[in-house]
Amino acid sequence: MPLVLILKAMSLKCGIVGLPNVGKSTLFNCISSGKAQSANFPFCTIEPNIGSTIVPDRRLEELEKICKPKRVVPATVEIVDIAGLVKGASKGEGLGNQFLANIRETDAILHVLRCFDDPNIVHVDGSVDPVRDKEVIDLELQLKDLETVENRLAKVQKQAQAGGDKSAKRLCEILLRYREVLLEGKSCRTVTFDNPEDRQLAKELYLLTNKPIMYVCNVDEASAATGNAYVEKVREAVKDENAEILVIAAKIESDIAELESYEERQMFIEEMGLKESGVVRLIQSAYSLLNLQTFFTAGADECRAWTICKGDKAPKAAGVIHTDFEKGFIRAEVIKYEDFIELKSEAACRAAGKLGVEGKDYVVQDGDIMHFLFNV
């Protein structure tokens, strides 16, 4: 039975989808072990098939070395596996309605594709073809989107014709463009809009094939660092989709996760010609795909990574720590990560003029070390 894994950070979710025997369960187990991600922070099981694991970040480890805090708190993601897809899901076959509802609740999709040969692992369709597998799930999502678009179009066209509503006319044009590409067997994410208002209207349709997507190509050991012919076929197939591709060898990740020490795991990874494990890259890529970034608070009591959306301003970041911080925001003291690492303390950064005082319009940058002043 296929699975959907949902990575949850803040209120945003990233769902992992794929057909049976493509490596989803192996990847889930690797993430669940905690070993593949970090030397210091374990996986925490909340309940069966639901767990929380860290977002690996070497910067937090460096801050820990300098501050020597009483505790270190990394950013985390929640993982949920949910049974799912069969052909005909768009019409409610099998657990189709549940599968589609789960996908609709996500903000981005990680689609795992089998890109390896193994006679001992049977493929549901009898042969390995990642592009065909991709199209199976694509078709179900496209059919559901087409149904959504046509239902919405029937209502909006009447509004556009009857009342001269400019917004309705614009939405009608967007829906017609989506309908055209869906009838061509393409996903909605292949359509781009130059106008910010059009992009916002398109986003509010919550179409399944318009979500950001990353194709996770699960390869054999020999292809872990370089990819293979299957991966190249996937690259060619998705070149017009505005999608990302990640190459990972799930079997090797499973072997890495079984090693006891962090040093052994790092040695194994380097011998494979990789800088970091595939699971680390997967979690980090999912975090990025969700348009998330990290700021830090650092001191003797605690070093902590906080998750915000890219583009968030200082008051919004303060609110992640506590709602009172956002309500009574006065200003933020900001040190760039690189300056803190070089000068080794807040006092040294302040003395060197490397501590900036920022107001409500400051857009937080990834890696900022922040202290908030507020009044309630």
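Of the regular secondary structure elements, the protein chain holds 14 helices and 14 strands. The proportion of buried residues among the 376 residues of the protein chain is 50%. Taking the intrachain contacts of the protein chain between residues at least 6 apart in sequence as the baseline, contacts between residues at least 24 apart amount to 68%. Summed over all atoms, the accessible surface of the protein chain reaches about 18,200 Å², with 49% contributed by carbon and sulfur.

With phi around 45°, lysine 68 is a residue other than glycine that occupies positive phi space. Along the polypeptide, lysine 68 turns up in the loop between helix 2 (58-67) and strand 5 (71-73). At tyrosine 206, a position not held by glycine, the phi torsion is positive, near 55°. Within the secondary structure, tyrosine 206 sits in the loop between helix 6 (196-203) and strand 8 (213-218). On the basis of relative accessibility, which here comes to 54%, the residue tyrosine 206 falls in the exposed class.

This part is about the nonpolar core. Of all hydrophobic cores here, the largest spans 67 residues; its most connected members are Leu110 and Cys115. It is helix 10 (residues 278-289) that provides the largest number of residues to this core, a total of 6 residues. In terms of nonpolar packing, the next biggest core, distinct from the first, is built from 20 residues, Leu182, Cys188, Val191 and Leu205 among them.

Once that is clear, we can look at the environment of serine 261. Within the secondary structure, serine 261 is located in the loop between helix 8 (250-258) and helix 9 (262-271). A polar contact of 3.0 Å, which involves the side chain of serine 261, links it to the backbone nitrogen of glutamate 264.

Another aspect to go through is helix 8. Among all positions in helix 8, only Ala250, Ile252, Glu253, Ile256 and Ala257 are buried. All buried residues of helix 8 lie within an arc of 155° about the axis, which places them on one face of the element. In helix 8, the exposed residues that point more than 90 degrees away from the buried face are Lys251 and Glu258.

Along the chain, glutamine 142 turns up in helix 4 (residues 130-163). Each residue touching glutamine 142, except ones within four places of it in the same chain, is listed here: Leu182, Gly185, Lys186, Ser187 and Thr209.

Of all 7 residues making up strand 10 (residues 292-298), 6 are buried, and the element is well covered by its neighbours. Strand direction decides the pairing type here: strand 10 and strand 11 (residues 302-309), joined by 7 bridges, are antiparallel. The residue of strand 11 that forms the bridge with phenylalanine 296 is alanine 305. In this structure, the hairpin formed by strand 10 and strand 11 is closed by a connection of 3 residues.

For the structure shown, the criterion picks out 23 salt bridges. In this structure, glutamate 276 and arginine 58 form a salt bridge, with 3.6 Å as the shortest nitrogen-oxygen distance. In this pair, glutamate 276 is assigned in the loop between helix 9 and helix 10 and arginine 58 in helix 2, connecting sequence segments 218 residues apart. Its relative accessible area of 23% is what places glutamate 276 among the partly exposed residues. Residue arginine 58 is classed as partly exposed on the basis of its relative accessible area of 42%. Glutamate 62 is the salt-bridge partner of lysine 65, the closest N and O atoms lying 3.1 Å from each other. Linking lysine 65 with glutamate 62, this pair stays in helix 2, spanning 3 residues, or about one helical turn. Look at the salt bridges and you will find they share partners, linking Lys134, Asp138, Arg189 and Glu241 into a network.

Definitions and cut-offs
- Residues numbered from 1 in each chain as written.
- Predicted model: local features only at pLDDT ≥ 70, side-chain atom pairs only at ≥ 80, totals over all residues.
- Heavy atoms only, no water.
- Helix = DSSP H or I, 4+ residues; strand = E, 2+ residues; numbered from the N terminus.
- Buried < 20%, exposed > 50% of the residue type's maximum accessible area, 1.4 Å probe, protein only.
- Contact = heavy atoms within 4.5 Å.
- Areas by Shrake-Rupley, 256 points an atom, 1.4 Å probe, with all protein chains shown as cover.
- Core = buried A, V, L, I, M, F, W, Y, C linked by side-chain atoms within 4.5 Å.
- Polar contact = N/O pair within 3.5 Å; in protein donor to acceptor, adjacent residues only side chain to side chain.
- Arc of directions from axis to C-beta.
- Pairing = 2+ DSSP bridges.
- Salt bridge = Lys/Arg side-chain N within 4 Å of Asp/Glu carboxyl O.

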